[in-house]
Amino acid sequence: MTPAARVAAAIEVLETIFEGATPEKSLTGWGRTHRFAGSKDRAAIRDHVFQALRCKASYGWLGGANTGRGVMLGAMRAAGQVDEMFTGVGHAPRDVEDGEEARLLKDAERWIQRDMPGWMLPHFDAALGADSDDVFDILKDRAGVFLRVNAARSTAKDVIASLAEENIVAVPVQNMGFTLQVIENERRVALSAAYEDGLIELQDTSSQHAISALNITKGQRVLDLCAGGGGKALAMAALGAEVTAHDIDPKRMVDIAPRAARAGVTIETVATENLATIEPFDIVFVDAPCSGSGTWRRNPAAKWDLTAERLQELTTIQDEVLSQGAKIVRAGGALVYATCSVFEAENNSRIQSFMAVTSGFAIEQQVSIAPHALGDGFYYSVLRCAA
Ligand SMILES: C[S@@+](CC[C@H](N)C(=O)[O-])C[C@H]1O[C@@H](n2cnc3c(N)ncnc32)[C@H](O)[C@@H]1O
């Protein structure tokens with residue numbers, strides 16, 4: 001496909017997303033009906049679509065309409081490539097028409113310039129102060145690809161060498177001995193020998209930082225209360241913890257066993273009905289369901305889908321999981337609350353609400369990480385249970 005035909009395909013995919021389909025469904029559906037498209041074409045179309053979703057408002061403004069065509073026209077205007085792409089020749093999008101004249105972004109409202117729904121601006125401003133505009137700009141870019149080296153099985157140096165044999169270039173992340181950033185051929189990582197052999201896992205730097213800050217020691221009993229696919233559970237098990245995983249939706253944990261087997265660790269799972277009688281843990285890790293506002297580079301559709309009502313519902317669930325976790329921490333143990341959100345309402349406010357109604361816990365650590373070039377936004381708080 002020509003570069004312009006890829007832009008036309010991205011327009012088609014975006015139209016179905018704007019009608020309500022998820023990005024993954026739309027891209028898969030497009031792939032099924034366009035079997036001639038090669039892997040490079042698909043990757044390029046995917047990149048266009050995700051970038052357009054990150055910058056949906058500003059591109060729509062620049063392109064004169066919040067449609068697939070308007071947003072991609074805006075994207076090409078931002079990149080200075082309209083004349084090459086909107087030619088109407090072959091499979092290229094048709095020429096620019098009357099009514100599609102360029103507008104200046106500086107004339108748009110702040111939420112459009114910053115690509116952030118207007119009702120969320122105060123949430124970001126409250127959490128980040130003068131840094132919020134910089135963070136909005138960061139969220140307009142693609143996120144990096146980061147790896148956690150399985151400390152139980154390998155070293156950063158050996159993993160770098162192994163990946164290099166498959167033309168995947170990874171470099172160390174400063175001050176993080178087991179964290180690498182992939183800077184070339186990112187898409188091949190999940191097919192690499194290092195991945196297949198359990199030497200690495202894909203994991204953002206901020207999650208890795210939070211786990212390493214817990215100073216987990218070998219043999220500690222840890223419950224990952226909201227384990228999902230087990231990213232944090234695996235990281236804790238790699239440090240020698242005896243990890244038990246739980247999720248309200250057991251289907252979300254199906255990958256944990258194969259991932260653990262690949263990594264050479266064991267992770268037990270526990271059903272919700274058995275939590276009430278389980279022996280208390282040294283650490284209960286509550287990786288709470290959240291808006292994901294610190295990760296919207298990776299999942300840009302989510303920022304346009306979140307509503308104030310849903311945010312409110314999430315805070316109620318967060319209070320519930322935190323209070324549930326508190327009941328199964330041993331005396332002297334730690335309750336860790338974490339989100340990948342930057343919103344105060346999901347972070348410090350939840351801890352303050354918890355502390356207001358619960359006795360026997362003291363706040364030991366609270367860390368907020370804003371989205372940055374080398375990592376997602378993340379929050380964690382360590383609460384120590386009285387001995
Ligand atoms: C942020 S995700 C977990 C990500 C996971 N810890 C990881 O590192 O890959 C939150 C998880 O919480 C689960 N969840 C939602 N409500 C819950 C509840 N009341 N109790 C336990 N898990 C819950 C969701 O099913 C979801 O898998």
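Residues numbered from 1 in each chain as written. Predicted model: local features only at pLDDT ≥ 70, side-chain atom pairs only at ≥ 80, totals over all residues. Heavy atoms only, no water.

Which entries qualify depends on this criterion: UniProt positions are given in the numbering used here, feature names are shortened, and annotations may be inferred rather than shown by experiment.
Looking up the chain in an unreviewed UniProt entry gives the name Ribosomal RNA small subunit methyltransferase B, with the organism given as Octadecabacter temperatus. Of the chain, the UniProt comment under Sequence similarities (unreviewed entry) reads exactly: "Belongs to the class I-like SAM-binding methyltransferase superfamily. RsmB/NOP family."

Details of the confidence of the model for the chain
Note the following rule: The predictor attaches a confidence to each residue, called pLDDT, with possible values from 0 through 100.
With 100% of its residues at a pLDDT of 70 or more, the chain shows a mean pLDDT of 96. Taken together, the chains of this predicted complex give a pTM of 0.95 and an interface ipTM of 0.99.

Some words on the nonpolar core
Quick reminder of the rule: Residues belong to one nonpolar core when they are buried, are Ala, Val, Leu, Ile, Met, Phe, Trp, Tyr or Cys, and are joined through side-chain atoms within 4.5 Å. The classification of residues rests on relative accessible area computed with a 1.4 Å probe and restricted to protein chains. Under 20% of the type maximum is buried, over 50% is exposed, and intermediate values are partly exposed. Helix numbering and strand numbering both begin at the N terminus, where a helix is a DSSP run of H or I of at least 4 residues and a strand a DSSP run of E of at least 2. In what follows, a contact means two residues having at least one pair of non-hydrogen atoms within 4.5 Å.
One finds L214, M236, V243, V265, I267 and F285 to be the most contacted residues of the largest nonpolar core, which totals 29 residues. Sorting elements by how many residues they give to this core places helix 13 (residues 231–238) first, with five residues. Filtering out sequence-adjacent residues up to four positions away, V243 remains in contact with V222, D224, A233, M236, A237, T266, I267 and E268. If you look at the next biggest cluster of nonpolar residues, it comprises 28 residues, including A10, M72, M85 and A92.

Side note on the site of the ligand
So the rule is basically this: When we say a residue is near a molecule or strand, we mean one of its heavy atoms is within 4 Å of it. N or O atoms closer than or at 3.5 Å make up a polar contact, with two conditions inside protein: a donor-capable atom paired with an acceptor-capable one, and, for residues adjacent in sequence, both atoms drawn from side chains. Per-residue accessibility takes into account occlusion by the displayed protein chains alone, with areas from the Shrake-Rupley method and a 1.4 Å probe. All amino acids are sorted into three groups, where Ala, Val, Leu, Ile, Met, Phe, Trp, Tyr, Cys and Pro are nonpolar, Asp, Glu, Lys and Arg are charged, and the leftover types, Gly among them, are polar.
Taken together, 15 residues lie near the ligand, and C226, K232, D247, R252 and D287 sit nearest. One of the side-chain N or O atoms of D247 is found 2.7 Å from an oxygen atom in the ligand. With respect to the ligand, the backbone of I248 contributes an N or O atom lying 3.3 Å from a nitrogen atom. Relative to its unbound accessible area of 600 Å², the ligand is 81% covered by the protein chains. Partitioning the shell around the ligand into residue classes produces seven nonpolar, four polar and four charged.

What about helix 14 (residues 256–263)?
This is how it is decided: It is the directions from the helix axis to the C-beta atoms that the arc portrays.
Looking at helix 14, one finds that the buried residues are I256, R259, A260 and A263. Along the axis of helix 14, the buried residues cluster in a sector spanning 100°; they form a single face. Away from its buried face, by an angle of more than 90 degrees, helix 14 presents the exposed residues A257 and A261. Among the structural elements, strand 4 (200–202), helix 13, strand 6 (242–245) and strand 7 (267–269) are those in contact with the buried residues of helix 14. Phi turns positive, to about 75°, at G264, one or two residues after helix 14.

Quick notes on unusual backbone geometry
Positive phi, normally seen in glycine, also occurs at N167, with a value near 60°. Along the chain, N167 turns up in the loop between helix 10 (156–164) and strand 2 (169–173). Look at N215: it is not a glycine, yet its phi comes out positive at around 50°. Considering the arrangement of structural elements, one finds N215 in the loop between helix 12 (205–213) and strand 5 (221–224).

Comments concerning the packing of helix 16 (residues 308–326) against helix 17 (residues 348–357)
Defined as follows: Here an angle of 0 to 180 degrees is reported between the N-to-C directions of two axes, which are lines fitted to C-alpha atoms, with helices fitted over the stretch in contact. Small angles under 35 degrees read as roughly parallel and large ones over 145 as roughly antiparallel, with 65 to 115 read as roughly perpendicular and the rest as oblique. Definitions for this section: a left-handed crossing has its near helix turned counterclockwise from the far helix by less than a right angle. A right-handed crossing has that turn clockwise.
The geometry of helix 16 relative to helix 17 is characterised by a closest axis approach of 10 Å and an angle of 50° between their N-to-C directions. Classed by the angle they form, the pair helix 16 and helix 17 counts as oblique. The handedness of the crossing between helix 16 and helix 17 comes out as right-handed. Along the contact surface, helix 16 presents T315, Q318, D319, L322, S323 and A326, while helix 17 presents R350, I351, S353 and F354. Partitioning the contact of helix 16 with helix 17 into residue classes produces four nonpolar, four polar and two charged.

Points about the pairing of strand 9 (residues 329–339)
For clarity, the cut-off: Pairing between strands is defined by DSSP: at least two bridges between the two strands are required.
For strand 9, the buried fraction is high: nine of the eleven residues fall into the buried class. Strand direction decides the pairing type here: strand 8 (residues 281–287) and strand 9, joined by six bridges, are parallel. Along strand 9, the bridge assignment pairs F285 with V336. Sheet topology note: the strand 9/strand 11 (residues 378–385) ladder contains six bridges and is antiparallel. Its bridge partner being in strand 11, T339 is matched across the sheet by Y379.

A word on the sheet that holds strand 9
With respect to topology, seven strands assemble into an open sheet ordered 7-6-5-8-9-11-10, the strand pairing being mixed. Only two strands of the sheet have a single partner each, and these edge strands are strand 7 and strand 10 (361–369). Ignoring strand direction, the axes of neighbouring strands in this sheet form an average angle of 20°. Contacting strand 8, strand 9 and strand 10, helix 16 runs over the sheet at an angle of about 160° to strand 9.

Quick look at the UniProt feature "active site" (unreviewed entry) in the chain
Taking the UniProt record as the reference, the feature "active site" (unreviewed entry) is found at C340. Residue C340 is classed as partly exposed on the basis of its relative accessible area of 23%. Excluding residues that lie within four positions of it along the chain, C340 makes contacts with C290, G292, S293, G294, T295, G377 and F378.

As for helix 8 (residues 121–128)
Every buried residue of helix 8 is listed here: L121, F124 and L128. Here the buried residues of helix 8 occupy an arc of 70° about the axis, which is enough to place them on one side. Exposed side chains of helix 8 directed beyond 90 degrees from the buried face belong to P122 and A126. The inward-facing, buried residues of helix 8 abut helix 7 (110–114) and helix 9 (132–139).

What to know about the pattern of salt bridges
So the rule is basically this: For salt bridges, the criterion is a side-chain nitrogen of Lys or Arg within 4 Å of an Asp or Glu carboxyl oxygen.
Summed over the entire model, instances satisfying the criterion amount to 24 salt bridges. Notably, a salt bridge pairs R110 with D133, separated by 2.9 Å at the nearest N-O pair. Here R110 is found in helix 7, whereas its partner D133 is found in helix 9, with 23 residues between them in sequence. For D133, a relative accessible area of 24% corresponds to the partly exposed category. Across the salt bridge formed by R310 and E313, the nearest N and O atoms sit 2.9 Å from each other. On the criterion of helical spacing, the pair formed by R310 and E313 is a turn pair, its members being three residues apart in helix 16. By relative accessible area, R310 is classed as partly exposed at 36%. A cluster of three or more residues bridged by salt bridges with shared partners is formed by R110, R114, D125, D133 and D137.

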